[in-house]
Amino acid sequence: MSDNIENNVPLTDGEVTAHTASMWRYTPVPEAPEPFPEYKEFCEKYSDYSVTAARVRGKKHKHDGSNCDDWFEAAEIGGWIIGAVSDGAGSKRFSRIGAKAACTSFVNEVRDNFLAAGQTDGLSEKLSLPLDSPEFISACTKLTEIMQTAFIHACEAVEREFESRKDNPEFSAGGEMKLSDFACTLVTCSVIPLDNGEQLSIAIQAGDGMVCSVSADEPYSSALTLLGIPDSGDFSGETEFLTSPKMRTPAAVQSRTKLRRSKRSAVMLMSDGVADDYFPNSPKMLNLYLDLMMNGIIPKPSGETSSEIVPDIQPNSWVNDKDVSYAIAYSEGTAEKSGISIDKLWDMKANLPDPPKSEGNLSELSGNSAEKLCRWLDVYLKRGSFDDRTLMVILPEKAGDANG
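Everything quoted here is computed from the prediction, not taken from an experiment.

A. A look at the sheet that holds strand β4 (residues 80-87). Strand order in this open sheet of five strands is β3-β4-β5-β6-β9, and the pairing throughout is antiparallel. The sheet is open, and its two edges are formed by β3 (70-77) and β9 (257-263), each paired on a single side. This sheet shows a mean twist of 15 degrees between the axes of neighbouring strands, independent of strand direction. Relative to β4, β3 is paired through eight bridges, and the arrangement is antiparallel. For Asp70, the partnering residue across the bridge sits in β4 and is Asp87. Sheet strands in contact with helix α6 (residues 134-165) are β4, β5 (186-193), β6 (198-206) and β9, and its direction is about 30 degrees off that of β6.

B. Broad picture of the sheet that holds strand β7 (residues 210-214). The strand order across the open sheet formed by six strands is β1-β2-β13-β10-β7-β8, and the pairing between neighbours is antiparallel. Here the strands that pair on one side only, and so sit at the sheet edges, are β1 (39-45) and β8 (224-226). This sheet shows a mean twist of 15 degrees between the axes of neighbouring strands, independent of strand direction. On the sheet, helix α10 (residues 281-294) packs against β7, β8, β10 (266-270) and β13 (389-396) and is oriented at approximately 120 degrees with respect to β8.

C. Main features of the nonpolar core. Grouped together as the largest cluster of nonpolar side chains are 49 residues, with contacts concentrated most on Met268, Leu288, Leu292, Trp376 and Leu391. With eight residues, α10 is the largest single contributor of residues to this core. The contacts of Trp376, once residues within four sequence positions are left out, are Tyr278, Leu288, Asp291, Leu292, Asn295, Ile297, Ile328, Leu362 and Leu391. One finds Phe114, Leu127, Phe151 and Met247 within the second-largest nonpolar core, a separate group that totals 46 residues.

D. Looking closely at the environment of Leu373. Summarising the element assignment, Leu373 is placed in helix α13 (residues 369-379). Given a relative accessible area of 0%, Leu373 falls into the buried group. For the pair Leu373 and Phe42, spaced 331 residues apart in sequence, the C-alpha to C-alpha distance is 9.9 Å. Filtering out sequence-adjacent residues up to four positions away, Leu373 remains in contact with Thr52, Ala53, Ala54, Leu292, Ile297 and Leu391.

E. Main features of the packing of α10 against helix α11 (residues 331-338). At a minimum axis distance of 8 Å, the contact between α10 and α11 shows a crossing angle of 90 degrees. The angle between α10 and α11 places the two elements in the roughly perpendicular class. Of the residues in α11, those touching α10 at Lys284, Asn287, Leu290, Asp291 and Met294 are Ser331, Glu332 and Thr334. Per-class residue counts for the contact of α10 with α11 are two nonpolar, three polar and three charged.

F. Structural view of the side chain of Asp291. If you trace the backbone, Asp291 turns up in helix α10. The buried charged residue Asp291 lacks any salt bridge partner; its closest oppositely charged side chain belongs to Lys382, at an N-O distance of 4.5 Å. Look past the residues within four positions of Asp291 in its chain and what remains in contact with it is Tyr278, Ala329, Tyr330, Ser331 and Trp376.

G. Broad picture of the pairing of β13. Counting buried positions along β13 gives eight out of eight residues, so the element sits mostly inside the fold. Of the two faces of β13, the one carrying Arg389, Leu391, Val393 and Leu395 and the one carrying Thr390, Met392, Ile394 and Pro396 are both buried. Looking at chain direction, strand β2 (residues 49-56) and β13 are connected through eight bridges and run antiparallel. What sits directly across from Tyr49, in β13, is Pro396. The sheet contact formed by β10 and β13 spans four bridges and is antiparallel.

The rules behind these values
- Residues numbered from 1 in each chain as written.
- Predicted model: local features only at pLDDT ≥ 70, side-chain atom pairs only at ≥ 80, totals over all residues.
- Heavy atoms only, no water.
- Pairing = 2+ DSSP bridges.
- Helix = DSSP H or I, 4+ residues; strand = E, 2+ residues; numbered from the N terminus.
- Axes fitted to C-alpha atoms, helices over the stretch in contact; angles between N-to-C directions.
- Contact = heavy atoms within 4.5 Å.
- Core = buried A, V, L, I, M, F, W, Y, C linked by side-chain atoms within 4.5 Å.
- Buried < 20%, exposed > 50% of the residue type's maximum accessible area, 1.4 Å probe, protein only.
- Parallel < 35°, antiparallel > 145°, perpendicular 65-115°, else oblique.
- Nonpolar A, V, L, I, M, F, W, Y, C, P; charged D, E, K, R; others polar.
- Lys, Arg positive; Asp, Glu negative; His and termini not counted.
- Salt bridge = Lys/Arg side-chain N within 4 Å of Asp/Glu carboxyl O.

This is the structure:
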């Protein structure tokens, strides 16, 4: 790197991130008020899907000794998967509490009402009917209304958390509290397996982050479908938080709802700490999917390793303990080193090399895929990335074992 500086050559992203890595320090989560754990993991395998999720405290929060502001929740009922990811506004004191309340309220309400609706109305059968069938349309409307109502109730749950603490001196020590101190986003999706082998995905998003569908066996050009529209990035504008009165109206939630019926495919929900690292999200959500494969977090298709693919592997130090490093593989760098395009790498994913073998190999972690995902989220490097990171991956059962 010093040669580049002396010769006035611009530093590569890898050189910049390697240089700045040593500047970050680790400070534990504060003891009060209401501390949140540094990590959260979830790993379950169901009849039709596996769900792997993790959330990590970002480098900035570790550096200054503040809490992680992200949260997620997942639930299953009768094979139907419900997921929610929330990112508390970083500048707001208790946004983490709002994020947890929003996820918990949404997932619990949708789970309970899906159970009731599915049992009484036979929705599973109706959802497999032709798209123009009145029964199919009615069933979709029923489920969408359940989710939209739960989304509005999640906004109300955030306000209840504020009301329950506003007179508590432990929370008001930093000044008078406002509802905006609990501001958070919410990214949600329900994934429903159908009798005809397809799936219905219903997503609602307020704020930044991303929710998308990935069909791993499709070519690069048609593998990705974005199911959410963030309030940032290409759509730059002020992020709409759940504490905004606008988010209490059915019209606002309806405009943020997307439905998709397709063959069974992976669904990923994430906070902006991950989504911004893979921007523009279309097509770079496919880079994210490849990175998860290359690091052994989700399975790759069976196939022989190709000598044409030269893996880009970087030893990244862990902020929590700089004496510990992990070998991380990157799909974008691998494409560059191999002299091929990222779309060709996608088409060759069955021939990807196995996860890097080294002392810091993620595949050598003793736990399940959520532990590997958690450590990968904690360690991978992207220039300018220091936010909390949360990612949930919902995989069709045939795509892999969450406990692998």
